[in-house]
Amino acid sequence: MDNDYFNITKRCFVNAPFDRLQQDLLGLFIDRRIQPEIGLEGEWFWDCSPGDFKKIALIFQQQGLDCTLHAPFHDLAPGGFEKRIVALSREKLQRAFALIPVFCPKAIVCHLGFEANKHQAQFDRWLETSLATWQPLVDLAASAGTPVHFENTYETDPMAHKRLLQALDIENVGFCLDTGHLMAFAGTGWRPWLEELEPWLGQLHLHDNDGLTDAHRALGAGSFDFFDLFQHLKKNNLHPLITLEPHSEQDLLLSLQYLDTTGLLDLLPS
């Protein structure tokens with residue numbers, strides 16, 4: 001992969017787990033001028049020192065490359081029903097939000113952890129616990145001028161996101177529309193989500209699949225209609241942050257080729 005796609009990479013972010021940046025991805029991102037979405041997921045996150053994070057942050061800052069952060073989400077229950085599990089979830093999320101002054105990200109992305117089959121019957125209880133989890137974190141991010149974007153994952157409709165965003169009622173919270181998760185888990189397309197959440201739209205996570213599994217394939221390698229979505233963004237003068245989430249270097253290259261060939265990003269307001 002060469003630098004022919006700099007006109008694209010300067011307009012979007014690309015997912016990069018922090019431990020992979022330490023191990024093998026840092027050179028690729030620096031050499032190719034790629035802005036990272038730094039993933040803070042994994043057991044390693046408990047053991048990294050502040051210096052580990054400052055070292056990587058400083059490199060990107062010296063290179064003039066912006067970043068976003070992706071907060072932990074595996075095995076966490078920010079709106080859960082067991083106090084000890086919720087407390088541990090909050091501790092890990094607090095560790096992530098404490099890195100905002102280190103990385104100065106353009107946004108931090110979070111997951112609600114809402115699953116209707118678990119939480120719908122006690123939704124008010126889930127919402128109350130979620131608010132107690134997220135409010136201090138959102139306030140911390142707001143003090144640094146960092147937006148917090150809540151991403152759709154296993155949710156099958158936008159109800160939980162809308163209720164939480166309405167309850168938080170603060171300018172720096174928003175919605176991150178994940179195209180691959182819509183396909184694999186919601187099965188609804190993007191329109192029902194933006195009909196409810198468009199006022200909060202702050203970011204897009206772009207990857208593709210066949211509608212059966214969350215494969216994180218290259219754009220155009222599945223069945224998501226990216227043109228339909230981007231035409232809507234253009235028509236309504238929407239300009240969310242754009243993040244590519246391939247799970248291989250090959251899928252990153254194919255996604256960049258797709259964006260280059262189609263001119264999709266040119267549809268967005270400048």
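Heads up: the structure comes first, above all this text.
Below you will find a few notes about this structure.

Quick notes on the rules
Residues numbered from 1 in each chain as written. Predicted model: local features only at pLDDT ≥ 70, side-chain atom pairs only at ≥ 80, totals over all residues. Heavy atoms only, no water. Salt bridge = Lys/Arg side-chain N within 4 Å of Asp/Glu carboxyl O. Axes fitted to C-alpha atoms, helices over the stretch in contact; angles between N-to-C directions. Helix = DSSP H or I, 4+ residues; strand = E, 2+ residues; numbered from the N terminus. Parallel < 35°, antiparallel > 145°, perpendicular 65-115°, else oblique. Left-handed = near helix turned anticlockwise from the far one by under 90°. Contact = heavy atoms within 4.5 Å. Nonpolar A, V, L, I, M, F, W, Y, C, P; charged D, E, K, R; others polar. Buried < 20%, exposed > 50% of the residue type's maximum accessible area, 1.4 Å probe, protein only. Expected span 1.5 Å × (residues − 1). Arc of directions from axis to C-beta.

1. Observations regarding the pattern of salt bridges
One pass over the full model with this rule turns up seven salt bridges. Between Glu115 and Lys118 there is a salt bridge; the shortest N-O distance is 3.5 Å.

2. Focus on the packing of helix 7 (residues 123–143) against helix 8 (residues 159–168)
At a minimum axis distance of 10 Å, the contact between helix 7 and helix 8 shows a crossing angle of 50°. If you check the angle between helix 7 and helix 8, you find them oblique. Between helix 7 and helix 8 lies a crossing of right-handed hand. Within the contact between the two elements, helix 7 uses Phe123, Asp124, Trp126, Leu127, Ser130, Leu131, Trp134, Gln135 and Val138 and helix 8 uses Met159, Ala160, Arg163, Leu164, Ala167 and Leu168. Of the residues contributing to the contact of helix 7 with helix 8, the split by class is 11 nonpolar, two polar and two charged.

3. Regarding the side chain of His119
In this structure, His119 sits in helix 6 (residues 116–119). When its relative accessible area of 9% is taken as the criterion, His119 is described as buried. Non-local contacts of His119, meaning those with residues more than four positions away in its chain, are made with Phe81, Gly113, Phe114 and Trp126.

4. Brief notes about helix 3 (residues 50–62)
For helix 3, built from 13 residues, the straight-helix expectation of 18 Å at 1.5 Å per residue is met to within 8% by its first-to-last C-alpha distance of 18 Å. Here helix 3 has its buried residues at Phe53, Ile56, Ala57 and Phe60. What you see down the axis of helix 3 is that its buried residues fit within an arc of 100°, all on one side. Exposed side of helix 3, more than 90 degrees from the buried face: Lys54, Lys55 and Gln62 are the residues found there. The elements touched by buried residues of helix 3 are helix 2 (18–31), strand 2 (35–39) and helix 5 (100–103). At the C-terminal side of helix 3, Gly64 shows a positive phi close to 70°.

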